[in-house]
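# Results of the structural survey
For reference, the chains in residue letters:
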Amino acid sequence: MSAILELSGLSKSFGGLTVIENLDLAVESTQGGQVSDVAIKQGEILSVIGPNGAGKTTLFNLISGIYRPDSGEIRMDGRSIVGRSPEEIANLGIARTFQTLRIFLNMTVKENVMAAAYGNTKTGLWQSIFRTPASRREEREISELAESKLAFFGERLMGYRWDQPAYSLSYANRRRLEIARAMATNPRLLMLDEPAAGMNPAETHEITELIGRLRDEVGYSILVIEHDMHVVEGISDRVIALDHGVKIAEGSFADVATDPQVIEAYLGYGAASKK
Amino acid sequence: MSQIGVDQWVEQSDERRDRYSGWTAPARRAFDKLPTGWKLVGVLGAAAAFPLLVPQGEIRIGITVLLLAMLALGLNVVVGWAGLLDLGFVAFYGFGAYFYAIVASDQLPAHWPTWVAIPIIVAAAALLGALLSLPSRRLVGDYLAIMTLFFAQIFVELVRNFERLPFVSEDLDLTGGPNGIPGVEAWDLFGFQINSFKRHYYLLLILLVVLIAGLHNLNASRTGRAWRALREDTLAAEHMTTPVNKLKLLAFVVGAAIAGLAGSIFAAVQVGVFPNNFALPFLITIYAAVILGGSGSIAGVVLGAVAIGYIPELLRDPGKAGWLFYIGLAVMLVVTMKRWQPIAAVTIGLVVFGFVVRFVSSAIWDESIMGTANDTFISRFVDGWVLILGEQQDLITNYAFVVAIAGVLSVVVTRGWLRIATLIPTIYLAILVWENKLALQPSITRQLLFGAVLVVMMAIRPQGLLGTRRVEIT
Ligand SMILES: Nc1ncnc2c1ncn2[C@@H]1O[C@H](COP(=O)(O)OP(=O)(O)O)[C@@H](O)[C@H]1O
Ligand SMILES: [Mg+2]
């Protein structure tokens, strides 16, 4: 086991309000198998839970480079990424989705995904203007990449949908599109901020399975924020609970869900689960 | 009958989402079915034939339109694609024009050969664009707009007061101050002088075709996508591996280079440059072309430039202005009523209304039909129907104008029969005002009608003529 992402002593406050306090965390990534022909990197799914305002999204924003931590370290593959721009961090292999959905509304579905291939492609301005053979080849590759990422979601984002503007998608499909777009950056760590928010039970079930497939078939390490405890139970290798920016529990779902501090933080949830 | 399965449902999606409705739909569908190549050849053929079909003087209009189209394409890169509100754009145009004027006139002892001057001018404009992109790293939206507007203003002031600048010696009057630079030489491409309207027109047309091809490719490339991504959501684009600052810089550079090139042609066409050529009104004209045509669409902004560049020229001629006025009325009528029955009702009502008014009015006060109609085809045609006032023409038309405006406003809030009843006298008064006043005062009318045309066009298609509907963050 080696950690793909490690946080140590991470703290962040906004004008006196401490949002993340002295947080330690490691996202594991195992080298699958000793035999080299099954060298798919297999990650883990680590769920972050906690009541609203606990600092979960802020944690993502710190990792993805939107905010700079006040103190503490963020290391990817052992090297510090503190102070790097979101673009650099994305290029290092950390991709994310947003709780508030930030897709490119006035671009087509396929373009949304293709746009995320920018960092891994290199056609220059003049090559594009003259449409050189190399640029056309790369464009084809980008197109195929986008199609393969969209194909991950079954029929939902296929066919005629490719050329539809993204604003015409349903809420659930927008969430799927955002995941496909993140996948197109070719990440090793995927951070999903409430991927099941706003979905109906059937869709939630589907997205749960999908997240599992992302780990098993593609080999991403996944950090996921989720409120739906069934989803968390279904997918998590490990769970951490945050409250007021402090990690109050860490371990398997069963351990964390029965932790008295967690139940207290959630209050309502603890009562509901015993019903 | 087989059940409609998912596949069929998907297959038929195009029919379900048919884009056109109403009575213009068949024509628009037929146009869509034409192969793109045909459309291009048609448009290009018409553009190439234009100088051969019109009198020498009107080729000048074509040149204005092509220059505006070039500028609109450049601005579209920055505003339409990258979404950066750049109000300094006109300064790059001025920079290219002044640069060319300085090196191709008696401002400097040595005249530069065209093939040396043009690449240097374009590169220098691009560099200036790169400099202006620096504030866009931190500033977006309104703040960037103000900052770049400042740049445009500085440019005009700078060329106007160049010799008075500190560090500049008194006799180095590079820009000619408020008088500008006269006597700019024509482009000389290896012995071939671009020295007539016709040659300028074709030079511009060729450059425009090359430019459109290049921009079309760029738009479909990873760079074009990245520009649109950062327009849509800069933060998300950054998280999707887009180097935002580099792309902002690229957009400014490409836009500035195009404007610089256009400027160097403009200086040669006008045989001189003056500070006011590059002041704010012209910036607004370029923006109008981009917005009217449909920000983001190449064909759109070119069409916008044709409309913005050509309509004011059309309005110089009272006969053509008359046509535009009546066609505009007809379009408004069609747009407000949509179905043919009320349109027919209004038309018939209008004709009857006019004759009744004429009959009653002439019986009461015979001066009310004593005026002489304008000497154009349409004016003579309506002469026997609408009142052409002999006396008190000004006073009465002023009142009629106010009432007509009130009528237009009430049309907006009325429905059904009431709307038809409001429309008839409103249109009648509009025609009365037109025939008695506006048609006789071309200069004022031009502005007024031009404004009205723009308002109508934008009301019909807020996204621009060829633009696609855009939604904001929901
Ligand atoms: N940029 C910011 N400025 C000030 N306060 C912020 C900012 N971002 C988040 N916060 C505050 O930090 C706290 C945690 O927010 P967040 O991380 O979004 O919580 P959640 O766990 O629900 O995702 C909230 O109280 C929020 O108001
Ligand atoms: Mg949150």
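As a starting point, this report considers the structure included with it. Note that the coordinates shown come from a computational prediction; the quantities given were computed from them, not determined experimentally. (Residues numbered from 1 in each chain as written. Chains lettered and ligands numbered in written order. Predicted model: local features only at pLDDT ≥ 70, side-chain atom pairs only at ≥ 80, totals over all residues. Heavy atoms only, no water.)

### Topic: the overall build of chain B
If you tally the helices and strands in chain B, you get 20 helices and 4 strands. In terms of principal-axis extent, the alpha carbons of chain B reach across some 75 × 75 × 45 Å. The buried share of chain B, reckoned over its 474 residues, is 46%. Across chain B, the fraction of contacts at a sequence separation of at least 24, relative to all contacts at a separation of at least 6, is 73%. Counting every atom, chain B has about 23,900 Å² of accessible surface; 69% of that belongs to carbon and sulfur. The centroid of the 33 positive side-chain charges in chain B is displaced by 10 Å from the centroid of its 30 negative side-chain charges. (Helix = DSSP H or I, 4+ residues; strand = E, 2+ residues; numbered from the N terminus. Buried < 20%, exposed > 50% of the residue type's maximum accessible area, 1.4 Å probe, protein only. Contact = heavy atoms within 4.5 Å. Areas by Shrake-Rupley, 256 points an atom, 1.4 Å probe, with all protein chains shown as cover. Lys, Arg positive; Asp, Glu negative; His and termini not counted. Charge placed at Lys NZ, Arg CZ, Asp CG, Glu CD.)

### Remarks on the site of ligand 1
Residue and element names in this part refer to chain A. Around ligand 1 sit Phe14, Leu17, Val19, Asn52, Gly53, Ala54, Gly55, Lys56, Thr57, Thr58 and Tyr67, and that is every residue in its neighbourhood. Gly53 is positioned with one of its backbone polar atoms (N or O) 2.8 Å from an oxygen atom of ligand 1. Within the side chain of Thr57, one N or O atom sits 2.7 Å away from an oxygen atom of ligand 1. Here ligand 1 loses 63% of its free accessible area of 570 Å² to cover by the protein chains. When contributions to the shell around ligand 1 are tallied by element, the ones reaching two or more residues are strand S2 (17-31) and helix H1 (56-64). Here the residues of the shell around ligand 1 are counted per class, giving 5 nonpolar, 5 polar and 1 charged. (Near = heavy atom within 4 Å. Polar contact = N/O pair within 3.5 Å; in protein donor to acceptor, adjacent residues only side chain to side chain. Nonpolar A, V, L, I, M, F, W, Y, C, P; charged D, E, K, R; others polar.)

### What to know about the packing of aromatic side chains
Here a ring pair, both rings aromatic, is described through the centre-centre distance and the interplanar angle of the planes. Residue and element names in this part refer to chain B. Under the defined criterion, the tally for this structure stands at 21 aromatic pairs over all chains. Consider the rings of Tyr93 and Phe282, whose centres lie 5.4 Å apart with planes at 25°: the pair is stacked. With Tyr93 in helix H6 (residues 89-103) and Phe282 in helix H13 (residues 280-293), this residue pair connects regions lying 189 residues apart in the sequence. Residue classification places Tyr93 among the buried residues on the basis of a relative accessible area of 2%. According to the relative accessible area criterion, Phe282 is partly exposed, its value standing at 23%. Ring geometry for Phe99 versus Trp112: centroids 5.9 Å apart, planes at 65°, classification edge-to-face. Placement of the pair is Phe99 in helix H6 and Trp112 in the loop between H6 and helix H7 (114-133), with a sequence separation of 13 residues. Owing to a relative accessible area of 32%, Trp112 belongs among the partly exposed residues under this scheme. Chaining the aromatic ring pairs together yields one cluster made of Tyr93, Tyr98, Phe155, Phe266, Phe278 and Phe282. (Phe/Tyr/Trp six-rings, centres within 6.5 Å; stacked < 30°, edge-to-face > 60°.)

### Some points on the sheet that holds strand S10 (residues 238-243) of chain A
Pairing between the strands of a sheet is mediated by backbone hydrogen bonds and can be parallel or antiparallel. All names here are of chain A. Strands sit in the order S7-S8-S9-S4-S10-S11 across an open sheet of 6 strands; the sheet is mixed. The sheet terminates laterally at strand S7 (94-96) and strand S11 (246-251), the two strands that pair on one side only. Mean inter-strand twist for the sheet, computed between neighbouring axes without regard to direction, equals 20°. Bridge count for strand S8 (residues 189-193) against strand S9 (residues 221-225) is 5 bridges, and the pairing is parallel. Bridging from a neighbouring strand, Leu192 pairs with Val224 of S9. (Pairing = 2+ DSSP bridges. Axes fitted to C-alpha atoms, helices over the stretch in contact; angles between N-to-C directions.)

### So, the interface of chain B and chain A
Between chain B and chain A, the residue contacts involve 36 residues of the former and 39 residues of the latter. Of the roughly 3,400 Å² buried at the junction of chain B and chain A (both faces included), carbon and sulfur atoms supply 61%. Between the two partners, chain B and chain A, sit 3 salt bridges. The closest approach of N and O atoms between B:Arg228 and A:Glu111, which form a salt bridge, is 2.4 Å. For the interface between chain B and chain A, the tally reads 11 residue pairs in polar contact (both at pLDDT 80 or more). Elements supplying a minimum of two residues to the side of chain B that touches chain A: helix H9 (197-219), helix H10 (222-232), helix H11 (234-239) and helix H12 (244-270) of chain B. With 8 residues, H10(B) is the single largest residue contributor to the side of chain B that touches chain A. Residue classes in the side of chain B that touches chain A are distributed as 15 nonpolar, 9 polar and 12 charged. (Buried area = accessible area lost by both parts, 1.4 Å probe. Salt bridge = Lys/Arg side-chain N within 4 Å of Asp/Glu carboxyl O.)

### Re the pairing of S11(A)
Residue and element names in this part refer to chain A. As paired elements, S10 and S11 share 5 bridges and run antiparallel to each other. Along S11, the bridge assignment pairs Leu242 with Lys247. Connecting S10 to the next strand, S11, in antiparallel fashion are 2 residues, including His244 with a positive phi near 50°.

Everything listed here is a matter of geometry and, on its own, says nothing about what the molecule does.
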